[in-house]
Amino acid sequence: MKISALRADPSGNITLFVLDMVPAEDRAGIAARLMALPGSDVEQVGFLCPPLLGGRGRVEMAGGEFCGNAARAFGMLTAQRLGGLSQVQVEVSGCGSPVTVEVNLSAGTARAQMPLPRAMRPAQAGGHPGTLVDLGGIAHFVVEDVPPSLEFFEQAELLFADMPGLEAYGVIFLAPAQAAMTPLVKVPAAGSLVWEGSCGSGTLAAVLSQSQNAGDGPFSRSYTQPAGTVDAAVIRQGGKAVSAYIGGPVHLDPPLEIEI
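Now for a look at the structure at hand. (Residues numbered from 1 in each chain as written. Predicted model: local features only at pLDDT ≥ 70, side-chain atom pairs only at ≥ 80, totals over all residues. Heavy atoms only, no water.)

1. Describing the nonpolar core
In this structure, Phe17, Leu34, Val45, Phe47, Val99, Val101 and Leu204 are the most contacted members of the largest nonpolar core, which totals 62 residues. In terms of residue count, helix H2 (residues 68-81) provides more of this core than any other element does, six residues in total. The residues touching Val99, leaving out its near neighbours within four places in the chain, are Phe66, Ala71, Val88, Gln89, Val90, Val92, Ala112 and Gln113. Counting residues in hydrophobic clusters, the runner-up holds 17 residues, among them Ala123, Leu132, Phe152 and Met163. (Core = buried A, V, L, I, M, F, W, Y, C linked by side-chain atoms within 4.5 Å. Buried < 20%, exposed > 50% of the residue type's maximum accessible area, 1.4 Å probe, protein only. Helix = DSSP H or I, 4+ residues; strand = E, 2+ residues; numbered from the N terminus. Contact = heavy atoms within 4.5 Å.)

Quick look at the structure:
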């Protein structure tokens, strides 16, 4: 079976976009086979689909989750395909409205406006306090100054058990003094648990967590992650986040045919 695909590198969060139309029930299996190919560095797979919400294109991730880095990369791909647009609205699974992506093709960067959290609250895992950020289709537990480990993830995983509508969840190990973060993300439907090179929604969760006690106006951070840096900004008004963005470099490879 041959698959037409394109490899994208948004700040090290390697994403494979499947360009062929694939039935929803087949996506998880095909994604697992693509990620398991010898030499593959792919962390996640998205499938191009017809738009449903008025966007200029739509991508659905293998597990139905929302991914901010995939949104940035797909925004750049769509802008490129439409003749070099500087701004485009695209649809991403796990998000109920189109995502606006600002693209600078000459600089190789893309910045996406992100959905605001459905809920945020203090939480604790393994004796360590943190912030639980529910972004709708995906949620993250942001914890500071805890060494990244699978053992801690398994302790924190209990926090997500009663949260409705989650397609994915992760633990964001944040080291504030170094402005660094390490994301570990699970997508149950895709059968994946990945130490991601970078994580867009995790970056959003981190900046939302760190900005909780900030005053009104912009609050921005750049987070160094295992394979790249993602910029994040939150605009606060009346003590609340009213808009949020993530941005950074994106590289798109030429399309290719993959035999699976």
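2. Points about the pattern of salt bridges
Applying the stated rule across the entire model yields eight salt bridges. Through salt bridges with shared partners, a single ionic network connects Arg27, Arg58, Glu60 and Glu91. (Salt bridge = Lys/Arg side-chain N within 4 Å of Asp/Glu carboxyl O.)

3. A closer look at empty space enclosed by the protein
Empty space left among the atoms is revealed by rolling a probe the size of a water molecule over them. A full pass over the atoms with the stated rule returns one cavity of 30 Å³ or more. For the largest cavity, the calculated volume is near 160 Å³. Forming the boundary of the largest cavity are 19 residues, of which Gln44, Glu65, Val185, Val187 and Glu196 lie nearest the centre. Among the elements of the structure, strand S3 (44-49), strand S12 (180-187) and strand S13 (192-195) are those that each provide at least two residues to the lining of the largest cavity. Across the lining of the largest cavity, the residue classes break down as 13 nonpolar, three polar and three charged. (1 Å grid on protein atoms, 1.4 Å probe; cavity = no way out; pocket = protein on both sides within 12 Å on 5 of 7 lines; lining within 4 Å. Points joined across faces, edges and corners; volume = space filled by probe spheres on them. Nonpolar A, V, L, I, M, F, W, Y, C, P; charged D, E, K, R; others polar.)

4. Remarks on the pairing of strand S16 (residues 240-252)
In the sheet, strand S1 (residues 2-10) pairs with S16 via three bridges, with the strands oriented antiparallel. Among the inter-strand pairings, Asp9 is bridged to a residue of S16, identified as His251. Pairing analysis gives five bridges linking strand S7 (residues 109-113) to S16, with the strands arranged antiparallel. Bridge assignment links Thr109 to a residue of S16, and that residue is Pro249. (Pairing = 2+ DSSP bridges.)

5. Digging into a nonpolar patch on the surface
A cluster of nonpolar residues, Leu150, Leu193 and Trp195, forms a patch on the protein surface that exposes about 260 Å² of accessible area. Inspection of the secondary structure puts Trp195 in strand S13. (Patch = residues over 30% accessible without salt bridge, like charges linked within 9 Å, V, L, I, M, F, W, Y side chains within 5 Å. Areas by Shrake-Rupley, 256 points an atom, 1.4 Å probe, with all protein chains shown as cover.)

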